[in-house]
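Here is what each chain is made of, one letter per residue.
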Amino acid sequence: MSIVCCAATAAVPAAAPRFAGLRRVAGPAALNRDVEQPSAVSLQVSGRSNSRASRRCVATMAGTGRFVVGGNWKCNGNTASIQKLVQDLNAGEITADVEVICALPMIYLPRVQSTLDRKYQLSAQNCWVGEGGAFTGEVAAEMLMDNNIPWVILGHSERRALIGESDEFIGKKVAYAISKGLSVMACIGETLEERERGDTMNVCRRQLQAIVNCISPADWAKVVIAYEPVWAIGTGKVATPEQAQETHAGIRQYMAEAVSPAVASAVRIQYGGSVNAGNCEELARCEDIDGFLVGGASLDGAAFVTICNSARFNN
(Lines give C-alpha, C1' and ligand atoms only; values in the text may rest on other atoms or scores of the structure.)
Protein backbone atom coordinates (compact mmCIF):
# COMPACT_ATOMS: atom_id res chain seq x y z
CA MET A 1 0.00 0.00 0.00
CA SER A 2 1.00 3.63 -0.44
CA ILE A 3 1.86 5.63 2.65
CA VAL A 4 1.16 8.95 0.98
CA CYS A 5 -1.64 10.85 2.73
CA CYS A 6 -4.23 13.18 1.25
CA ALA A 7 -3.13 16.22 -0.71
CA ALA A 8 -3.60 18.48 2.29
CA THR A 9 -0.82 16.65 4.11
CA ALA A 10 2.64 16.49 2.58
CA ALA A 11 4.01 13.00 1.95
CA VAL A 12 6.90 11.87 4.14
CA PRO A 13 9.94 10.66 2.17
CA ALA A 14 11.03 7.29 3.48
CA ALA A 15 14.72 8.14 3.83
CA ALA A 16 14.35 11.59 5.31
CA PRO A 17 10.97 12.23 6.97
CA ARG A 18 10.11 15.83 7.65
CA PHE A 19 9.62 16.98 11.21
CA ALA A 20 6.57 19.12 10.48
CA GLY A 21 4.44 16.82 12.64
CA LEU A 22 6.41 17.56 15.80
CA ARG A 23 5.47 20.59 17.90
CA ARG A 24 7.34 22.49 20.59
CA VAL A 25 5.83 21.48 23.92
CA ALA A 26 6.18 22.57 27.52
CA GLY A 27 7.67 19.37 28.90
CA PRO A 28 6.00 17.09 31.48
CA ALA A 29 3.65 19.87 32.61
CA ALA A 30 1.96 19.64 29.22
CA LEU A 31 0.63 16.20 30.10
CA ASN A 32 -0.95 17.30 33.36
CA ARG A 33 -2.24 20.73 32.51
CA ASP A 34 -5.78 19.51 31.89
CA VAL A 35 -5.87 16.62 34.32
CA GLU A 36 -6.19 18.56 37.56
CA GLN A 37 -9.90 18.38 38.13
CA PRO A 38 -11.65 21.12 40.11
CA SER A 39 -13.51 19.74 43.08
CA ALA A 40 -16.83 21.02 41.71
CA VAL A 41 -16.59 19.07 38.45
CA SER A 42 -18.80 16.00 38.19
CA LEU A 43 -17.77 13.25 35.81
CA GLN A 44 -21.18 11.58 35.93
CA VAL A 45 -23.56 11.75 32.98
CA SER A 46 -26.50 13.90 34.01
CA GLY A 47 -29.79 12.09 34.34
CA ARG A 48 -28.40 8.54 34.15
CA SER A 49 -28.08 5.96 36.89
CA ASN A 50 -25.37 3.34 37.18
CA SER A 51 -27.74 0.43 36.74
CA ARG A 52 -27.20 -2.02 33.92
CA ALA A 53 -30.75 -1.34 32.74
CA SER A 54 -30.09 2.37 32.25
CA ARG A 55 -26.82 1.62 30.48
CA ARG A 56 -28.76 -0.29 27.86
CA CYS A 57 -30.59 2.98 27.03
CA VAL A 58 -27.36 4.59 25.88
CA ALA A 59 -26.93 4.76 22.10
CA THR A 60 -25.13 1.68 20.78
CA MET A 61 -23.58 0.57 17.51
CA ALA A 62 -22.39 -2.85 18.78
CA GLY A 63 -19.06 -3.96 17.36
CA THR A 64 -18.46 -7.50 16.20
CA GLY A 65 -14.70 -7.94 16.80
CA ARG A 66 -13.00 -10.23 19.28
CA PHE A 67 -12.31 -8.67 22.68
CA VAL A 68 -8.73 -7.39 22.89
CA VAL A 69 -6.79 -6.29 25.96
CA GLY A 70 -3.47 -4.48 25.78
CA GLY A 71 -1.14 -3.93 28.71
CA ASN A 72 0.98 -0.78 28.38
CA TRP A 73 3.91 -1.14 30.76
CA LYS A 74 5.14 2.33 29.77
CA CYS A 75 8.61 3.26 31.10
CA ASN A 76 8.41 0.97 34.14
CA GLY A 77 10.27 -2.01 35.54
CA ASN A 78 13.71 -3.49 35.92
CA THR A 79 15.12 -6.95 35.36
CA ALA A 80 13.87 -8.31 38.68
CA SER A 81 10.38 -6.78 38.60
CA ILE A 82 9.78 -7.78 34.99
CA GLN A 83 10.90 -11.34 35.69
CA LYS A 84 8.35 -11.48 38.54
CA LEU A 85 5.62 -9.99 36.35
CA VAL A 86 6.28 -12.54 33.61
CA GLN A 87 6.09 -15.37 36.15
CA ASP A 88 2.74 -14.06 37.42
CA LEU A 89 1.37 -13.69 33.89
CA ASN A 90 2.49 -17.17 32.92
CA ALA A 91 0.83 -18.60 36.04
CA GLY A 92 -2.45 -16.81 35.27
CA GLU A 93 -5.22 -18.68 33.49
CA ILE A 94 -6.92 -16.90 30.63
CA THR A 95 -10.36 -18.49 30.48
CA ALA A 96 -12.18 -15.96 28.29
CA ASP A 97 -12.12 -15.62 24.51
CA VAL A 98 -9.74 -12.66 24.37
CA GLU A 99 -6.68 -11.47 22.47
CA VAL A 100 -4.00 -10.24 24.87
CA ILE A 101 -1.05 -7.98 24.04
CA CYS A 102 1.75 -6.78 26.33
CA ALA A 103 3.54 -3.56 25.35
CA LEU A 104 6.96 -3.50 26.97
CA PRO A 105 9.79 -1.00 27.22
CA MET A 106 11.84 -1.63 24.10
CA ILE A 107 14.96 -2.83 25.92
CA TYR A 108 13.10 -5.69 27.63
CA LEU A 109 11.34 -7.08 24.55
CA PRO A 110 13.98 -9.73 23.70
CA ARG A 111 14.19 -10.97 27.31
CA VAL A 112 10.41 -11.25 27.70
CA GLN A 113 9.97 -12.72 24.24
CA SER A 114 11.92 -15.79 25.32
CA THR A 115 10.05 -16.30 28.61
CA LEU A 116 6.47 -15.04 28.28
CA ASP A 117 3.77 -17.60 27.53
CA ARG A 118 2.52 -17.61 23.94
CA LYS A 119 -1.01 -16.74 25.06
CA TYR A 120 0.32 -13.18 25.22
CA GLN A 121 1.46 -11.26 22.14
CA LEU A 122 4.13 -8.59 22.32
CA SER A 123 4.02 -4.95 21.31
CA ALA A 124 6.38 -2.01 21.14
CA GLN A 125 5.23 1.33 22.52
CA ASN A 126 6.35 3.40 19.54
CA CYS A 127 8.08 3.26 16.17
CA TRP A 128 9.39 5.77 13.67
CA VAL A 129 7.38 7.40 10.89
CA GLY A 130 9.44 5.95 8.05
CA GLU A 131 12.44 3.89 7.07
CA GLY A 132 15.37 3.72 9.47
CA GLY A 133 18.41 5.95 9.17
CA ALA A 134 19.98 8.86 11.05
CA PHE A 135 17.19 9.15 13.64
CA THR A 136 18.91 8.77 17.01
CA GLY A 137 16.76 7.09 19.64
CA GLU A 138 14.13 5.84 17.21
CA VAL A 139 13.16 2.30 16.20
CA ALA A 140 11.91 1.49 12.71
CA ALA A 141 8.87 -0.67 11.96
CA GLU A 142 11.16 -2.93 9.93
CA MET A 143 13.25 -3.59 13.06
CA LEU A 144 10.18 -4.67 15.02
CA MET A 145 9.09 -7.01 12.24
CA ASP A 146 12.63 -8.39 11.99
CA ASN A 147 12.40 -9.32 15.67
CA ASN A 148 8.91 -10.85 15.41
CA ILE A 149 7.16 -8.09 17.36
CA PRO A 150 3.71 -7.93 15.74
CA TRP A 151 2.15 -4.91 17.46
CA VAL A 152 2.92 -1.27 18.22
CA ILE A 153 1.14 1.48 20.17
CA LEU A 154 0.96 4.78 18.27
CA GLY A 155 -0.60 8.14 19.12
CA HIS A 156 -0.59 7.76 22.89
CA SER A 157 -1.52 11.00 24.66
CA GLU A 158 1.82 11.03 26.47
CA ARG A 159 3.63 11.20 23.14
CA ARG A 160 1.20 13.78 21.81
CA ALA A 161 1.71 16.00 24.87
CA LEU A 162 5.34 15.37 25.83
CA ILE A 163 6.93 14.75 22.42
CA GLY A 164 4.62 17.01 20.44
CA GLU A 165 3.38 14.49 17.88
CA SER A 166 0.57 15.99 15.80
CA ASP A 167 -2.50 14.22 14.45
CA GLU A 168 -1.03 14.24 10.94
CA PHE A 169 2.31 12.86 12.08
CA ILE A 170 0.55 10.02 13.90
CA GLY A 171 -1.54 9.27 10.82
CA LYS A 172 1.66 8.85 8.80
CA LYS A 173 3.19 6.66 11.50
CA VAL A 174 0.14 4.38 11.50
CA ALA A 175 0.24 4.10 7.71
CA TYR A 176 3.95 3.27 7.61
CA ALA A 177 3.72 0.70 10.41
CA ILE A 178 0.86 -1.08 8.66
CA SER A 179 2.69 -1.00 5.33
CA LYS A 180 5.53 -2.96 6.96
CA GLY A 181 3.22 -5.59 8.47
CA LEU A 182 2.64 -4.32 12.01
CA SER A 183 -0.72 -4.18 13.74
CA VAL A 184 -1.42 -0.92 15.54
CA MET A 185 -3.19 0.16 18.70
CA ALA A 186 -3.97 3.75 17.69
CA CYS A 187 -4.76 6.01 20.64
CA ILE A 188 -7.20 8.92 20.67
CA GLY A 189 -8.88 10.91 23.44
CA GLU A 190 -9.71 14.29 24.90
CA THR A 191 -8.35 16.33 27.80
CA LEU A 192 -10.51 17.40 30.72
CA GLU A 193 -10.75 20.92 29.31
CA GLU A 194 -11.94 19.57 25.97
CA ARG A 195 -14.55 17.35 27.64
CA GLU A 196 -15.87 20.24 29.72
CA ARG A 197 -16.24 22.29 26.52
CA GLY A 198 -18.30 19.49 24.98
CA ASP A 199 -15.59 18.74 22.43
CA THR A 200 -15.03 15.04 23.15
CA MET A 201 -16.33 13.80 19.81
CA ASN A 202 -14.80 16.70 17.87
CA VAL A 203 -11.37 15.73 19.23
CA CYS A 204 -11.89 12.02 18.54
CA ARG A 205 -13.09 12.70 14.99
CA ARG A 206 -10.16 15.01 14.29
CA GLN A 207 -7.60 12.51 15.55
CA LEU A 208 -9.22 9.64 13.65
CA GLN A 209 -9.56 11.67 10.45
CA ALA A 210 -5.78 12.05 10.32
CA ILE A 211 -5.54 8.24 10.20
CA VAL A 212 -8.45 7.86 7.78
CA ASN A 213 -6.60 10.24 5.44
CA CYS A 214 -3.57 7.95 5.36
CA ILE A 215 -4.80 4.36 5.18
CA SER A 216 -7.20 2.36 3.06
CA PRO A 217 -10.46 0.79 4.30
CA ALA A 218 -8.77 -2.64 4.15
CA ASP A 219 -5.96 -1.41 6.40
CA TRP A 220 -8.37 -0.98 9.32
CA ALA A 221 -8.22 -4.74 9.82
CA LYS A 222 -4.73 -4.05 11.24
CA VAL A 223 -5.87 -1.25 13.58
CA VAL A 224 -7.39 -1.30 17.04
CA ILE A 225 -8.68 2.11 18.16
CA ALA A 226 -7.82 2.85 21.80
CA TYR A 227 -10.05 5.57 23.25
CA GLU A 228 -8.26 6.99 26.28
CA PRO A 229 -9.72 10.11 27.89
CA VAL A 230 -6.57 11.95 28.95
CA TRP A 231 -8.13 13.07 32.22
CA ALA A 232 -8.59 9.43 33.25
CA ILE A 233 -5.10 8.10 32.44
CA GLY A 234 -3.25 7.27 35.64
CA THR A 235 -5.42 9.61 37.70
CA GLY A 236 -7.75 7.06 39.28
CA LYS A 237 -10.67 8.84 37.60
CA VAL A 238 -12.61 6.57 35.26
CA ALA A 239 -15.27 7.45 32.73
CA THR A 240 -18.60 6.02 33.82
CA PRO A 241 -19.83 3.11 31.71
CA GLU A 242 -22.40 5.51 30.23
CA GLN A 243 -19.73 8.02 29.25
CA ALA A 244 -17.48 5.35 27.79
CA GLN A 245 -20.31 3.66 25.87
CA GLU A 246 -21.60 6.92 24.42
CA THR A 247 -18.15 7.91 23.21
CA HIS A 248 -17.40 4.47 21.79
CA ALA A 249 -20.74 4.45 19.95
CA GLY A 250 -19.93 7.90 18.61
CA ILE A 251 -16.54 6.70 17.39
CA ARG A 252 -18.16 3.75 15.66
CA GLN A 253 -20.75 6.02 14.06
CA TYR A 254 -17.95 8.26 12.80
CA MET A 255 -16.14 5.26 11.32
CA ALA A 256 -19.33 4.24 9.51
CA GLU A 257 -19.56 7.70 7.97
CA ALA A 258 -15.85 8.28 7.28
CA VAL A 259 -14.91 4.76 6.10
CA SER A 260 -17.81 2.30 5.83
CA PRO A 261 -20.45 0.55 7.96
CA ALA A 262 -18.59 -2.74 7.49
CA VAL A 263 -15.33 -1.30 8.86
CA ALA A 264 -17.22 0.40 11.69
CA SER A 265 -18.73 -2.91 12.75
CA ALA A 266 -15.48 -4.84 12.55
CA VAL A 267 -13.00 -2.35 14.01
CA ARG A 268 -12.28 -2.93 17.67
CA ILE A 269 -12.42 -0.01 20.11
CA GLN A 270 -10.59 -0.34 23.41
CA TYR A 271 -11.26 1.79 26.47
CA GLY A 272 -8.23 3.02 28.41
CA GLY A 273 -8.18 5.21 31.49
CA SER A 274 -7.53 3.75 34.96
CA VAL A 275 -9.06 0.37 34.08
CA ASN A 276 -8.49 -2.05 36.94
CA ALA A 277 -9.65 -5.39 38.32
CA GLY A 278 -12.48 -3.70 40.19
CA ASN A 279 -14.14 -1.77 37.35
CA CYS A 280 -13.38 -3.94 34.31
CA GLU A 281 -16.51 -6.10 34.51
CA GLU A 282 -18.93 -3.19 34.40
CA LEU A 283 -17.05 -1.54 31.53
CA ALA A 284 -16.78 -4.82 29.61
CA ARG A 285 -20.58 -5.15 29.58
CA CYS A 286 -20.89 -2.09 27.32
CA GLU A 287 -21.79 -3.09 23.77
CA ASP A 288 -19.27 -0.86 22.01
CA ILE A 289 -16.31 -1.49 24.32
CA ASP A 290 -14.31 -4.21 22.55
CA GLY A 291 -11.43 -4.36 25.01
CA PHE A 292 -9.09 -2.32 27.16
CA LEU A 293 -5.71 -0.63 26.97
CA VAL A 294 -4.48 -0.96 30.54
CA GLY A 295 -1.75 1.12 32.15
CA GLY A 296 -0.82 0.77 35.82
CA ALA A 297 -2.88 -2.37 36.44
CA SER A 298 -0.96 -4.21 33.70
CA LEU A 299 2.07 -4.21 36.02
CA ASP A 300 0.17 -6.49 38.43
CA GLY A 301 0.01 -9.95 36.89
CA ALA A 302 -3.03 -11.20 38.80
CA ALA A 303 -4.98 -7.98 38.24
CA PHE A 304 -4.17 -7.98 34.53
CA VAL A 305 -5.38 -11.57 34.14
CA THR A 306 -8.63 -10.60 35.88
CA ILE A 307 -9.05 -7.72 33.43
CA CYS A 308 -8.41 -10.03 30.49
CA ASN A 309 -10.99 -12.50 31.74
CA SER A 310 -13.62 -9.76 32.00
CA ALA A 311 -14.05 -10.40 28.26
CA ARG A 312 -16.59 -13.07 29.22
CA PHE A 313 -19.02 -10.31 30.22
CA ASN A 314 -18.88 -8.72 26.77
CA ASN A 315 -21.74 -10.29 24.87
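Rules and cut-offs
Residues numbered from 1 in each chain as written. Predicted model: local features only at pLDDT ≥ 70, side-chain atom pairs only at ≥ 80, totals over all residues. Heavy atoms only, no water. Helix = DSSP H or I, 4+ residues; strand = E, 2+ residues; numbered from the N terminus. Buried < 20%, exposed > 50% of the residue type's maximum accessible area, 1.4 Å probe, protein only. Lys, Arg positive; Asp, Glu negative; His and termini not counted. Salt bridge = Lys/Arg side-chain N within 4 Å of Asp/Glu carboxyl O. Contact = heavy atoms within 4.5 Å. Axes fitted to C-alpha atoms, helices over the stretch in contact; angles between N-to-C directions. Parallel < 35°, antiparallel > 145°, perpendicular 65-115°, else oblique. Left-handed = near helix turned anticlockwise from the far one by under 90°. Nonpolar A, V, L, I, M, F, W, Y, C, P; charged D, E, K, R; others polar. Pairing = 2+ DSSP bridges. Right-handed = clockwise from strand over helix to strand, strands pointing away. Polar contact = N/O pair within 3.5 Å; in protein donor to acceptor, adjacent residues only side chain to side chain. Phe/Tyr/Trp six-rings, centres within 6.5 Å; stacked < 30°, edge-to-face > 60°.

Visitor: Explain the side chain of E228 to me, and be specific about the residues and the numbers.
Guide: Mapping E228 onto the fold places it in the loop between β6 (223–227) and α10 (241–258). Here E228 sits buried without a salt bridge, and the closest side chain of opposite charge, K74, lies 6.2 Å off (N-O distance). The residues contacting E228, other than those within four sequence positions of it, are H156, C187, I188, G189, E190, I233, G272 and L293.

Visitor: Account for the packing of helix α9 (residues 200–212) against α10, with residues named and values stated.
Guide: Where α9 contacts α10, the axes come no closer than 10 Å and their chain directions differ by 40°. Considering the angle they form, α9 stands oblique to α10. As α9 runs across α10, the sense of the crossing is right-handed. Residue-level contacts link T200, M201, C204, R205, L208, Q209 and V212 of α9 to T247, G250, I251, Y254, M255 and A258 of α10. Split into classes, the residues belonging to the contact of α9 with α10 amount to eight nonpolar, four polar and one charged.

Visitor: Give a detailed account of the pairing of strand β3 (residues 120–124), specifying residues and quantitative values.
Guide: Across the five residues of β3, four count as buried, placing the element largely inside the fold. By the bridge criterion, four bridges tie strand β2 (residues 99–103) to β3 in an arrangement that is parallel. Its bridge partner being in β3, V100 is matched across the sheet by Y120. Bridge count between β3 and strand β4 (residues 151–154): two bridges; the pairing is parallel. Directly across from S123, in β4, lies its bridge partner W151. In this fold, β3 hands off to helix α5 (residues 141–146), which returns the chain to β4; that crossover is right-handed.

Visitor: Could you give an account of helix α13 (residues 301–309), with specific residues and numbers?
Guide: In terms of burial, α13 is largely enclosed, as seven of its nine residues are buried. For α13, the full list of buried residues reads G301, A303, F304, V305, I307, C308 and N309. On its buried face, α13 sits against β1 (68–72), α3 (79–91), β2, β3, α12 (280–284) and β8 (291–294). Capping of α13 at its N-terminal end is provided by D300; its side-chain oxygen lies 3.2 Å from the backbone amide nitrogen of A302.

Visitor: Describe the environment of R111, and please don't skip the residues or the numbers.
Guide: In this structure, R111 sits in helix α4 (residues 109–113). Along the chain, R111 and Q83 lie 28 residues apart, while their C-alpha atoms are 9.0 Å from each other.

Visitor: Give a detailed account of unusual backbone geometry, specifying residues and quantitative values.
Guide: Phi is mostly negative for residues that are not glycine, and the peptide bonds are mostly trans. Residue K74 is not a glycine yet carries a positive backbone phi of 55°. For K74, the location among the structural elements is in the loop between β1 and α3. Located in the positive-phi region is S274, a residue other than glycine, with phi close to 60°.

Visitor: Pulling in residues and values, what's your account of the pattern of salt bridges?
Guide: Per the stated rule, a full pass over the model turns up 14 salt bridges. E158 is the partner of K74 in a salt bridge, and the nearest nitrogen-oxygen pair spans 2.7 Å. In this pair, K74 is assigned in the loop between β1 and α3 and E158 in helix α6 (residues 157–163), connecting sequence segments 84 residues apart. A salt bridge links R268 to E99; the shortest N-O distance between them is 2.7 Å. Of this pair, R268 sits in strand β7 (residues 268–271) while E99 sits in strand β2, and the two are 169 residues apart along the sequence. Residue class for E99 comes out buried when judged on its relative accessible area of 13%. One network of salt bridges, in which partners are shared, links R159, E165 and K173.

Visitor: Can you lay out the pairing of β7 for me, pointing to particular residues and giving the numbers?
Guide: By the alternation rule, side chains of β7 split into R268 and Q270 and I269 and Y271, which are all buried. Direction of pairing for β6 relative to β7: parallel, over a ladder of four bridges. Counted as the bridge partner of A226 is Q270 from β7.

Visitor: Requested: an account of the packing of helix α7 (residues 167–179) against α9, with residues and values cited.
Guide: One way to put it is that α7 packs onto α9 with a least axis distance of 7 Å and a crossing angle of 40°. The orientation of α7 with respect to α9, classified from their angle, is oblique. The element α7 and its partner α9 pack so that their crossing is right-handed. Touching D167, E168, G171 and V174 of α7 are R206, Q207, A210 and I211, all from α9. Here the contact of α7 with α9 is built from residues that sort into three nonpolar, two polar and three charged.

Visitor: Run through the packing of aromatic side chains, naming residues and quoting values.
Guide: Applying the stated criterion across every chain yields a total of four aromatic pairs. A centroid spacing of 6.1 Å and a plane angle of 70° characterise the contact between W128 and F169, whose relative ring orientation is edge-to-face. Taken together, the positions of W128 in the loop between β3 and α5 and F169 in helix α7 put the pair 41 residues apart, joining distant regions of the chain. Comparing W128 with F169, the two get one shared label, buried. Aromatic pair Y227 and Y271: ring centres 6.3 Å apart, planes at 55°, arrangement tilted. In this pair, Y227 sits in strand β6 while Y271 sits in strand β7, placing the two residues 44 residues apart along the sequence. Here Y227 falls in the buried class, since its relative accessible area comes to 0%. Residue classification places Y271 among the buried positions, given a relative accessible area of 0%. Grouped by ring-pair contacts, the aromatic residues W128, F135 and F169 constitute a single cluster.

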